[in-house]
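Chain by chain, the residues:
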Amino acid sequence: MNLPERKDIRWPFPDLLEWMDSPMFGFRPFGQIVRIEDYIDDDRYVLRAELPGIDPDKDLEVTVDEGMLHIRAEKTRKTTEPHRSEFAYGSLSRSVTLPAGAKTDDVKATYKDGVLEVSVGLAEEKKAAGRRIAIEH
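Residues numbered from 1 in each chain as written. Predicted model: local features only at pLDDT ≥ 70, side-chain atom pairs only at ≥ 80, totals over all residues. Heavy atoms only, no water.

Q: In this structure, what is going on with the side chain of Ser119? I would like to understand it.
A: Within the secondary structure layout, Ser119 lies in strand E8 (residues 115–122). Given a relative accessible area of 11%, Ser119 falls into the buried group. At a separation of 3.1 Å, a polar atom in the side chain of Ser119 contacts the side chain of Arg44. When residues no more than four places from it in sequence are discounted, the contact partners of Ser119 are Arg44, Tyr45, Val46, Asp106, Val107 and Lys108. (Helix = DSSP H or I, 4+ residues; strand = E, 2+ residues; numbered from the N terminus. Buried < 20%, exposed > 50% of the residue type's maximum accessible area, 1.4 Å probe, protein only. Polar contact = N/O pair within 3.5 Å; in protein donor to acceptor, adjacent residues only side chain to side chain. Contact = heavy atoms within 4.5 Å.)

Q: I tried to follow the confidence of the model for the protein on my own but got confused; where do I start?
A: Any residue range with low pLDDT should be treated as having predicted coordinates unsuitable for detailed reading. On average, residues of the protein carry a pLDDT of 79, and 69% of them reach 70 or more. For the protein, per-element mean pLDDT is lowest for helix H1 (residues 13–20), which scores 53, and highest for strand E3 (residues 44–50), which scores 96. Across residues 21–29 the pLDDT falls below 50, and counting only partners more than four positions away or on other chains, this stretch makes 11 contacts in the model. (pLDDT = per-residue confidence, 0-100.)

Q: When you look at the pairing of strand E5 (residues 68–75) in this model, what are you seeing that I'm missing?
A: Within a regular beta strand, the side chains point alternately toward one face of the sheet and then the other, so they alternate between its two faces. Direction of pairing for strand E4 (residues 60–65) relative to E5: antiparallel, over a ladder of six bridges. Among the inter-strand pairings, Leu60 is bridged to a residue of E5, identified as Ala73. Two elements, E5 and strand E6 (residues 90–97), share eight bridges in a ladder whose sense is antiparallel. Looking at E6, one finds that Glu74 is bridged to Ser91. (Pairing = 2+ DSSP bridges.)

Q: What is the right way to read the nonpolar core from this model?
A: In summary, soluble globular proteins display a tendency toward joint burial of nonpolar side chains. Judged by nonpolar contacts, the single largest core of 17 residues is most densely connected at Tyr45, Leu47, Ala49, Leu51, Leu60, Ile71 and Leu116. Elements that contribute at least two residues to this core include exactly E3, E5, E6 and E8. If you tally residues by element for this core, the top one is E8, at four residues. Not counting the four nearest positions on each side in its chain, Ala49 is found in contact with Val34, Arg35, Ile36, Ile71, Gly114, Val115 and Leu116. (Core = buried A, V, L, I, M, F, W, Y, C linked by side-chain atoms within 4.5 Å.)

Q: Would you mind going over unusual backbone geometry with me for this structure?
A: Across the chain, the bulk of peptide bonds are trans and the bulk of non-glycine residues have phi less than zero. With a phi angle near 55°, Asp42 is a residue other than glycine that sits in the positive phi range. Within the secondary structure layout, Asp42 lies in the loop between strand E2 (36–41) and E3. Non-glycine residue Asp113 carries a positive phi angle of around 55°. As for its placement among the helices and strands, Asp113 is situated in the loop between strand E7 (102–112) and E8.

Q: What is the right way to read the pattern of salt bridges from this model?
A: Side-chain pairs of opposite charge can arise whenever the charged atoms involved come near each other. Counted under the stated rule, the structure contains five salt bridges. A salt bridge links Asp106 to Arg44; its shortest N-O distance comes to 2.9 Å. Pair noted here: Asp106 is in strand E7 and Arg44 is in strand E3, with a separation of 62 residues, a long-range link. Under the relative-accessibility criterion, Arg44 is labelled buried at 17%. Bridged by salt links that share partners, the residues Glu37, Arg48 and Glu117 form one connected network. (Salt bridge = Lys/Arg side-chain N within 4 Å of Asp/Glu carboxyl O.)

Here it is, written out as structure tokens:
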């Protein structure tokens, strides 16, 4: 069953997870959450993710599969016995549904100053012309 895509709907679940991860609650039910922002810039979908302290050559993976963009990272501890540490270490992941018309063969990713930026080309939307439907009786 294919449901029509609606660009005006923003699903509350990712926001709920980020809300629960806020410092006020200090609760991470599913591990660490990668914080993101996304927007459309001309003919590209752009997603930016906060990933400080990651070595992009060793610890970062970006994949596209069946209309989804997946980000996986591993943040490792460099010292063995810190006196005090509030830094978070471990696995990080985030999956985002790409917008309709995303060209999965046109994906670019850059990492600079702790921010991963992924941009995906978008195909021009073609609106189908309206037509009259015959009614059988």
